[in-house]
Amino acid sequence: MPPKKNKDAEILPRFGRVKNNLKMGIVGLPNVGKSSLFNLLGESASASAENFPFCTIDPNEARCVVPDERYDFLCDLWNPPSKHPAYLQLVDIAGLIKGASEGAGLGNAFLSHIQAVDGLFHVVRCFESDDVVHVDDSVDPVRDLETITGELCAKDKVYVKQCRWLESEAVRKDPKMTLSDCFIQTFDKAKELLDDGHPLGKAVWTAAEIEMINAKMPGAITTKPIIYLLNISKKDFIRGGNKHLKKIKEFITVNGGGLTVPFSIEFEEELKRMKEAGNEDAVKELLDQLKGRGSSLPKIVTIGYTELNLMYYFTAGEKEVRCWTIMKGVTAPQAAGVIHSDFERGFIKAECVCFDDFKELCDGQKGMGNLKAAGKYRQEGKTYIVQDGDIIFFQFNVTTAKKK
């Protein structure tokens, strides 16, 4: 028998901001496909994607729809005039090079752009091409991973040292303040990790240490979730393999683990051109070569959204179907507050149903009659933790204070 789950296991907080409008930054060396990916993903995105280093200088921002069959089902059922899917916010950040943490290239400015996002898509070049120059003159994904990881750790090393000095100065000036044991232990551990070139987010931390990092080192880069996007050739993507993938995964495993997604800019751009040209036969022929795997772009978006600890609930009716983005673990009143602060302030109850129950029992009807008859339509109070995909109707009442 499998071991029983420990009900008393510590639930750890997460690094970073607690907000609904979090962003994923696209990072990597120059000419690895960052801006091309941004243009493929972003809604109305138009970042410069030229064949020379630093063609992107200022960060570009866009958003992309989070694909979800549940949302599509609700839109098809209600067919309302107003439809609002969930979106992932994207930032295209210029390429880093070795020595960026010391100002090489346009490094320090770009590293500050990375500090401003909440998670990272790290694009790694795994394709050979004489037409696309490599900043180091050869394709070596593990070397490139070491370069980017090293630069991010080096930037954090300087930042953590500065944070410690600022706190120590505040204590020196105020006799009533002291440096706690947790502060000293957390900063010592962070320094040791960064000195060894290990990202802070890949280490094991206690809840108190994570809260200390969030409070005293809020701008740390290496605490951010990282998704490694492995840009391979069209040929390799179709056949489902690449000679570099094994070594890349070994490197990532040794350095704390992380999600990897092989994809192909070459394939995705060709697919996009065919769709825009309306050539359905060519699109089908290209996709048939993948034997059911399909484009990697929807997977990239969904994983990025999930890694930011985001989810959404639905409101659905004759006038509108909408996804409301929230952080995982919020209560019903907090979720209601995303719609309007009055909903949270005057919260009475949440009438909700699980999407899967709705789809199974609605029988093509827009109302909740079948759900109520089956006992699946629930009324939840202030302590209810909203679940991903809940369909919710909030009841609230806000009274204005009487004038004296």
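Remember, it's a predicted structure, so these values are computed and weren't measured experimentally.

Colleague: How should I be thinking about the overall build of the chain in this particular structure?
Modeller: The secondary structure content of the chain amounts to 15 helices and twelve strands. Across the 404 residues of the chain, 46% fall into the buried class. The long-range share in the chain, meaning contacts at least 24 apart out of those at least 6 apart in sequence, stands at 71%. When the accessible surface of the chain is summed, it comes to about 21600 Å², and 50% of that surface belongs to carbon and sulfur atoms.

Colleague: What exactly am I supposed to notice about the packing of helix H5 (residues 181-195) against helix H6 (residues 207-216) here?
Modeller: Pairs of packed helices are described in terms of their axes, by the angle between the two and the distance that separates them. The N-to-C vectors of H5 and H6 enclose an angle of 80°; their axes lie 10 Å apart at closest approach. Here H5 is positioned roughly perpendicular relative to H6, judged by the angle of their axes. Along its contact with H5, which presents Cys182, Phe183, Gln185, Thr186, Phe187 and Lys189, the element H6 presents Ala208, Glu209, Met212, Ile213 and Lys216. Per-class residue counts for the contact of H5 with H6 are six nonpolar, two polar and three charged.

Colleague: What is the right way to read H5 from this model?
Modeller: Two residues of an α-helix separated by three or four positions point the same way, owing to the 3.6 residues in each turn. Helix length check: H5, at 15 residues, gives a terminal C-alpha distance of 21 Å against a target of 21 Å (1.5 Å per residue), a fit within 8%. All of the buried residues in H5 are Phe183, Thr186, Phe187, Ala190, Leu193 and Leu194. Seen along its axis, H5 keeps its buried residues to an arc of 125°; they face one direction. Exposed positions of H5 whose direction lies more than 90 degrees from the buried face are Asp181 and Glu192. Summarising the contacts, the buried residues of H5 are in contact with helix H4 (141-173) and H6.

Quick notes on the rules
Residues numbered from 1 in each chain as written. Predicted model: local features only at pLDDT ≥ 70, side-chain atom pairs only at ≥ 80, totals over all residues. Heavy atoms only, no water. Helix = DSSP H or I, 4+ residues; strand = E, 2+ residues; numbered from the N terminus. Buried < 20%, exposed > 50% of the residue type's maximum accessible area, 1.4 Å probe, protein only. Contact = heavy atoms within 4.5 Å. Areas by Shrake-Rupley, 256 points an atom, 1.4 Å probe, with all protein chains shown as cover. Axes fitted to C-alpha atoms, helices over the stretch in contact; angles between N-to-C directions. Parallel < 35°, antiparallel > 145°, perpendicular 65-115°, else oblique. Nonpolar A, V, L, I, M, F, W, Y, C, P; charged D, E, K, R; others polar. Expected span 1.5 Å × (residues − 1). Arc of directions from axis to C-beta.

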